[in-house]
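# Examining the three-dimensional arrangement
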Amino acid sequence: MQTSAVDLNCRIPNNVGLADDPKVRRALERWQPRYLEWWRDMGPSDFATSDIYLRTAISVESGGWANYDYVRMPDYRWGIFLTPRQREAIIHVGDDTGRTAWSEVPGEHRNALRRLVVTQADTEPASVEQQRLLGRTAPSLYDLRNLFQVNVEEGRHLWAMVYLLHKFFGKDGREEGEMLLERRSGDPDKPRILGAFNQPCDNWLSFFCFTMFVDRDGKYQLAALRESAFDPLARSCEFMLTEEAFHLFVGETGMARIIRRSAQLARQDANGDVRAQGGIDLALIQRAVNYWFSYCLDLFGGEISSNAAEAFAAGLKGRFKESQRYRDHRALEGVYTLPVVEGDRLVDREIPLRNAMNELLRDEYIRDCARAVNKWNRVLAEEGSSVRVTLPSRRFHRHHGIYARHCFTPDGELIAPERFEASRDRWLPSQADQDYLAAIMQPVHEPGKFANWIAPPHRGLAGKPIEFEYVRP
Ligand code: BYC
Ligand code: FE
Ligand code: FE
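Residues numbered from 1 in each chain as written. Chains lettered and ligands numbered in written order. Predicted model: local features only at pLDDT ≥ 70, side-chain atom pairs only at ≥ 80, totals over all residues.

### Quick word on the site of ligand 1
Lining the immediate surroundings of ligand 1 are 24 residues, of which Gly218, Gly301, Gly302, Ser305 and Asn307 lie closest. Only α2 (110–130), α5 (204–225) and α8 (306–314) provide two or more residues apiece to the shell around ligand 1. Residue composition of the shell around ligand 1, by class: 6 nonpolar, 13 polar and 5 charged. (Near = placed C-beta within 6 Å. Helix = DSSP H or I, 4+ residues; strand = E, 2+ residues; numbered from the N terminus. Nonpolar A, V, L, I, M, F, W, Y, C, P; charged D, E, K, R; others polar.)

See the structure below:
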């Protein structure tokens, strides 16, 4: 299956030749009204009739892939786009390295691939559900527009995965497509699949942590799937990554703006009391970072994972930049050393490289997060603050993997559960923190104006000035 030209005028914009694929086209056209119903019920609240200045993917050319214009969200053109291939793709991960990549799903990998696609797909609508009410408290029209941009694109990512389910997984795939619209973030009876996607994200500090840390997990998981031997998945993920960059920008710069404002307000107050000035203190920002970062580390799966080893061996996923960075794509040799809990202490253990694939990806992720945190700390230095933000240890506050049944300090020291509980409100957001955030988050809808707790961005978007009317209510 090679990519055909982009067809924008049909019901579902696409470059996968839906016009010549009546079976899949009809299946997707039956799914479409249910998706729209889900969007109406679970998508962004309140702004369905507002004109939002949004980017829409309309092509796969790296130069001009997106179009910016005022759109009402329910009318957004959610399309299906795969990055085109210049030549035939070759497998460069696992046991089948060197063979031709798969344009169909091999029978022996059907279940494993379906599980990966469904897990990936499930996170997309989950995030939209988590962010559903944030429009009510947006700190500016600029930020409101960015929230909605992220939301519509997560919707498109769901389309990208549902296309794969319909096209390549037959009846099972169609059933999974239905279930993706039935699970609900945080619902005890039908929760979303992964932990972080069931946590509430009901204030803007959480939103910026989410786009900083959770969307960044998305970047690394998509990067692993982009190396897949299943070529349509690889190409789908590649195009999703194009959109993802903006989500990460929103998170990283959003946090930087809150941090800058926090330092400015500390300077303004005679006692350095940021809350007295209506801002968000750095201690609370640090607790939010601890919370979201630790939940995101869980999203990489167990440190020692036979699932990960099998997925790598089969060529279903690769390492970060597998094709560019590595020579030995089989990874049959080599070990990874990591500290494990034995009794009341941590001791280093060697595990075979293939079983450590989750941990390798987590390493890449942590490095990337640390780079962003360094940038935030430069902002603090610029504003004359001596406080710094840090990433907690990868062992802190974990719910999956080898550290989950133990307690650690943010520095990674193994401690008794009682000590963890006694320190919880210092390390993680407390109810009082949540109440405070809820109290200060009042909507600001005047173009060019920003809530007191966040600094304005350096510039506007898509060549528009900061005071542009990004949302017309
Ligand atoms: N919560 O061997 P293990 C994004 C399950 S974000 C709950 O440790 P494995 C986005 C696991 O499923 C990217 N359950 O891990 C961001 C398994 O269950 P079963 C999303 C968890 O399989 C923002 C068991 O524990 N994409 O795109 O090696 C906005 C043992 O598994 C969790 C993907 O995740 C958890 N945190 O790796 C919008 C890519 N962690 O099978 C979007 C697809 C593990 O025993 N997913 N479990 O019932 C995968 O590649 C893998 O499934 C995982 C786990 C990396 C998640
Ligand atoms: Fe996404
Ligand atoms: Fe995203």
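Text resumes after the structure shown.
### With respect to the pairing of strand β3 (residues 335–342)
Bridge count for β3 against strand β4 (residues 345–352) is 8 bridges, and the pairing is antiparallel. Each residue of the ladder has a partner; that of Val340, found in β4, is Val347. Linking β3 back to β4 in an antiparallel pair, the connection comprises 2 residues, with Gly343 at a positive phi of about 60°. (Pairing = 2+ DSSP bridges.)

### Concerning unusual backbone geometry
Note: most residues except glycine have negative phi, and most peptide bonds are trans. Residues other than glycine seldom take positive phi values, yet Lys321 does so here, at roughly 55°. Tracing the sequence through the fold places Lys321 in the loop between α8 and α9 (322–325). Classification of Lys321 as partly exposed rests on a count of 13 C-beta atoms within 10 Å. The backbone phi angle of His397 is positive, close to 55°, even though this residue is not glycine. With 23 C-beta atoms packed within 10 Å, His397 lands in the buried category. (Buried ≥ 20, exposed ≤ 12 C-beta atoms within 10 Å, placed from the backbone.)

### A short note on helix α6 (residues 231–268)
Over its 38 residues, α6 extends 56 Å from the first C-alpha to the last, a length consistent with the 56 Å expected when each residue adds 1.5 Å. In the structure, α6 departs most strongly from a straight axis at Thr242, where the bend amounts to approximately 35°. (Expected span 1.5 Å × (residues − 1). Bend = angle between axes of the 7 residues up to and from the residue.)

### Some details on the packing of α5 against helix α7 (residues 282–298)
Contact pair α5 / α7: the axes reach a minimum separation of 9 Å and the direction vectors enclose 30°. When the axis of α5 is compared with that of α7, the two are roughly parallel. In terms of crossing hand, the pair formed by α5 and α7 is right-handed. Where α5 abuts α7, its residues Leu205, Ser206, Cys209, Phe210, Phe213, Val214 and Asp217 lie against Ala288, Val289, Trp292, Phe293 and Cys296. The residue inventory of the contact of α5 with α7, partitioned by class, reads 10 nonpolar, 1 polar and 1 charged. (Axes fitted to C-alpha atoms, helices over the stretch in contact; angles between N-to-C directions. Parallel < 35°, antiparallel > 145°, perpendicular 65-115°, else oblique. Left-handed = near helix turned anticlockwise from the far one by under 90°. Contact = placed C-beta atoms within 7 Å.)

### Considering the nonpolar core
By size, the foremost hydrophobic cluster in this structure holds 123 residues, and its most contacted members are Cys209 and Trp292. Residue contributions to this core peak at 16 residues, all from helix α3 (residues 141–168). Sequence-distant contacts of Cys209, defined by excluding residues within four places in its chain, comprise Met255, Ala288, Val289 and Trp292. (Core = buried A, V, L, I, M, F, W, Y, C linked by C-beta atoms within 7 Å.)

### Focus: the sheet that holds strand β7 (residues 471–472)
As summarised here, the arrangement of the 3 strands in space is β2-β1-β7, forming an open sheet in which the pairing is antiparallel. Edge positions in the sheet fall to β2 (66–71) and β7, since each has one partner strand and no second. In the sheet, strand β1 (residues 51–57) pairs with β7 via 2 bridges, with the strands oriented antiparallel. The partner of Ile52 across the bridge, within β7, is Val471. Contacting β1 and β7, α3 runs over the sheet at an angle of about 40° to β1.

### Quick word on the packing of α2 against α3
One can describe the packing of α2 onto α3 by two numbers: an axis separation of 8 Å at closest approach and a directional angle of 155°. Here α3 runs roughly antiparallel to α2, going by the angle between their axes. Here the hand of the crossing between α2 and α3 comes out left-handed. Here Val117, Gln120, Ala121, Glu124, Pro125, Ser127 and Val128 of α2 lie close against α3, whose contacting residues are Asn151, Glu154, Gly155, His157, Leu158, Met161, Val162, Leu164 and Leu165. Its residues assigned to classes, the contact of α2 with α3 shows 9 nonpolar, 5 polar and 2 charged.

### Description of the environment of Gln32
Along the chain, the position of Gln32 falls in helix α1 (residues 22–42). Residue classification places Gln32 among the partly exposed positions, given that 15 C-beta atoms sit within 10 Å. C-alpha separation for the pair Gln32 and Arg11, spaced 21 residues apart in sequence, amounts to 9.2 Å. When sequence neighbours within four positions are dropped, the list of residues in contact with Gln32 reads Arg11 and Ile12.

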